[in-house]
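These are the residues of each chain, in order.
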Amino acid sequence: MRSSTSRLGVFHCTLTGAVVLGLFFLLCWFGVAIADIPASRRMVGFFTTQELQSPSSIATGLGWAVLFGAVLGGLIALCFNTLGLILRQAKPR
């Protein structure tokens, strides 16, 4: 009998996490630059301590967001695959 869950590709999830969090950071940065949205300001401030409207804050914050997203994506895939393996072994036959 085949398992109902498959394995996640760690590289694929790492790359996906990096792209998604990078794009989300840019979206929040534009939210700060255009409308000064408080939630966006907090999100951008999470990844950079520089002046939020400065160009260097984009580069620094985007770099940290991409790195953080990559780590999260990789951890999600590793945890998913490990839990799947544990649950398959614990399943009664």
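Note: the structure precedes this text.
Rules used in this analysis
Residues numbered from 1 in each chain as written. Predicted model: local features only at pLDDT ≥ 70, side-chain atom pairs only at ≥ 80, totals over all residues. Heavy atoms only, no water. Helix = DSSP H or I, 4+ residues; strand = E, 2+ residues; numbered from the N terminus. Expected span 1.5 Å × (residues − 1). Contact = heavy atoms within 4.5 Å. Core = buried A, V, L, I, M, F, W, Y, C linked by side-chain atoms within 4.5 Å. Buried < 20%, exposed > 50% of the residue type's maximum accessible area, 1.4 Å probe, protein only. Phe/Tyr/Trp six-rings, centres within 6.5 Å; stacked < 30°, edge-to-face > 60°.

S.K.: Whenever I open this one, helix H1 (residues 10-35) confuses me. Can you help?
M.R.: Counted at 1.5 Å a residue, the expected span for H1 with its 26 residues is 38 Å, and the 37 Å between its end C-alpha atoms agrees. Considering only its buried residues, H1 is in contact with helix H2 (38-47) and helix H3 (55-90). Two residues or fewer after H1 comes Asp36, characterised by a positive phi angle close to 50°.

S.K.: Could you clarify how one ought to interpret the nonpolar core in this entry?
M.R.: Soluble, globular proteins show a tendency: their nonpolar side chains are buried together. Ranked by size, the top nonpolar core spans 10 residues in total: Leu21, Phe25, Cys28, Trp29, Val32, Met43, Val44, Phe47, Leu52 and Ala65. Elements that contribute at least two residues to this core include exactly H1 and H2. Of all the elements, H1 adds the most residues to this core, at 5 residues. Not counting chain neighbours up to four residues away, the residues in contact with Met43 comprise Leu21, Phe24 and Cys28.

S.K.: Would you explain the packing of aromatic side chains in this entry?
M.R.: Note on aromatic pairs: each is described by the distance of the centres and the angle between the planes. Taken as a whole and assessed by the stated rule, the structure comprises 5 aromatic pairs. On the basis of an interplanar angle of 80° and a centroid distance of 5.4 Å, the ring pair of Trp29 and Phe30 is categorised as edge-to-face. Using a relative accessible area of 45% as the deciding quantity, one classes Phe30 as partly exposed. Ring centres 4.9 Å apart and planes at 85° place the aromatic pair Phe46 and Phe47 in the edge-to-face group. The class of Phe47 is buried, set by a relative accessible area of 8%.

Remember that the coordinates give geometry; whether it matters functionally is a separate question.
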